[in-house]
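Inside the fold
In case you want the letters, here they are:
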Amino acid sequence: MGSRREVLGIGAGMAALGLAPGLASRAFAADRKIGYAPADRKIGYAIVGLGYYATRQIMPNFAGCENARLVALVSGTPAKLEQYGSEYGILPSHRYSYDQFDRIRDNPDIDAVYIVLPNSLHAEYSIRAAQAGKHVLCEKPMATSVAECQAMIAASRKAGKKLMIGYRSRFEPYNRLAIELARGGHVGPTRLITAEHGFPIQPGQWRIDKALSGGGSMMDIGIYSLNAARYLTGEEPVEVSAVESTDRSDPRFRTVEDRISFVLRFPSGIEANCISSYSSAHNGYRVIGTQGWIAMEPATPYVGQTMTIRKDGVTAPRTLPPPARNQFAGQLDHLAECILKGTTPIVAGEEGLADMRVIEAIYRSAAERRHIEMTT
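Analysis parameters
- Residues numbered from 1 in each chain as written.
- Predicted model: local features only at pLDDT ≥ 70, side-chain atom pairs only at ≥ 80, totals over all residues.
- Heavy atoms only, no water.
- Pairing = 2+ DSSP bridges.
- Helix = DSSP H or I, 4+ residues; strand = E, 2+ residues; numbered from the N terminus.
- Buried < 20%, exposed > 50% of the residue type's maximum accessible area, 1.4 Å probe, protein only.
- 1 Å grid on protein atoms, 1.4 Å probe; cavity = no way out; pocket = protein on both sides within 12 Å on 5 of 7 lines; lining within 4 Å.
- Points joined across faces, edges and corners; volume = space filled by probe spheres on them.
- Nonpolar A, V, L, I, M, F, W, Y, C, P; charged D, E, K, R; others polar.
- Axes fitted to C-alpha atoms, helices over the stretch in contact; angles between N-to-C directions.
- Parallel < 35°, antiparallel > 145°, perpendicular 65-115°, else oblique.
- Contact = heavy atoms within 4.5 Å.

1. Section: the sheet that holds strand β4 (residues 112–115)
Across the sheet, six strands lie side by side as β3-β2-β1-β4-β5-β6; this open sheet has parallel pairing. The open sheet has two edge strands with one neighbour each: β3 (95–96) and β6 (163–165). In this sheet, β4 lies alongside strand β1 (residues 43–48) in parallel orientation, the contact comprising four bridges. Its bridge partner lying in β4, Val 48 is registered against Ile 115.

Written as structure tokens, this is what we have:
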């Protein structure tokens, strides 16, 4: 995904694209507005599931948090508990097997749990965490069905605890700027959005086992296309249409889909043409308005986002300075601050539920080969 791009001068580019300095300044400071005010105490997290994403992306980024700290680990692999427990200084009493999970109720150091498990386990462990009196940050997709999402929300509400979904791009400066520009009509009213996300998946992963994943690319990389279309418009789709293309002779796709092309139509008339794929490599979106376009490519990697804007016939790159916190530390700190202040996360459980409602409509449209009207 590449290293961080060199910070370039922005004055001329701002003027050429008609971007007011005040707007740029607000965008540059956006990361400082979410979860970065140091608190008297840090919120303690337990990480549930010690796979690649948890150990290589989430756990190292606690070092950049101001309001969050890693205090406990949950895994079914004793060797991982020993390895990462020693590496991060986690007390032996704060290392749990899955059989011991409910004992987190008795550990006052644990304020929140971060569920980083296969999709089919999200609902179970989120609900059990809430019942144990803990706040929950759950990876996306939130669950494998609308019913599971609703059960997770109900459990957290009953427990009086926060439920947040791991939409890390909402804490990444370029995506935050893209939202502000798109919704603010920087290139005129939005008419069309294209969003494409995919990668060639390797065999042998839980993501292509439907019992664990709940589906194929749409339940994984396709979330980025779907969620981008929703956050760039600030609207919910009223109609969905989708077409699946899967080579069932490919052993990777015995139980899950490969590519889904789907179209979302929004109340304002915006149309989003999206792709989710497990057999092609792309990561980007484009917001097309009456005066030009805003392009992000790549849009949602771990690092290296790139923005280009064309407005009134002028095309120029946009480069932001390094953020105070990266997107991983940003989301960890955001939930922590919401807990400390009693506020609602910007990506609460209802956001995951909204995505799952559309995902179910996408699958239904592809299966029934017809448009699906979304109902409230």
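2. Considering the side chain of Ser 241
Counting through the fold element by element, Ser 241 comes out in strand β8 (residues 239–245). What makes Ser 241 buried here is its relative accessible area of 13%.

3. A few points about the layout of surface pockets
Of the volumes computed, that of the largest pocket is approximately 940 Å³. Every residue lining the largest pocket is counted, 40 residues in all, and those nearest its centre are Tyr 53, Trp 206, Arg 207, Asp 220 and Tyr 302. Counting residues per element, the lining of the largest pocket draws most heavily on helix α3 (residues 52–58), which supplies three residues. Split by residue class, the lining of the largest pocket holds 19 nonpolar, 15 polar and six charged.

4. What about the pairing of strand β14 (residues 314–318)?
Sheet analysis places strand β13 (residues 307–311) next to β14, joined by five bridges and oriented antiparallel. Opposite Met 307, over in β14, you have Arg 318 as the bridge partner. Hairpin connection, β13 to β14: the antiparallel pair is bridged by two residues, and Asp 312 has positive phi, about 50 degrees.

5. Things to note about the packing of helix α7 (residues 173–183) against helix α9 (residues 222–233)
Running from amino to carboxyl end, α7 crosses α9 at an angle of 50 degrees, the nearest separation of the two axes being 8 Å. In terms of axis orientation, α7 runs oblique to α9. Each of Asn 175, Ala 178, Ile 179, Ala 182 and Arg 183 in α7 lies in contact with α9, whose residues at this interface are Arg 230, Tyr 231, Leu 232 and Thr 233. Taken together, the residues of the contact of α7 with α9 sort by class into five nonpolar, two polar and two charged.

These values are about where atoms sit, not about what they do.
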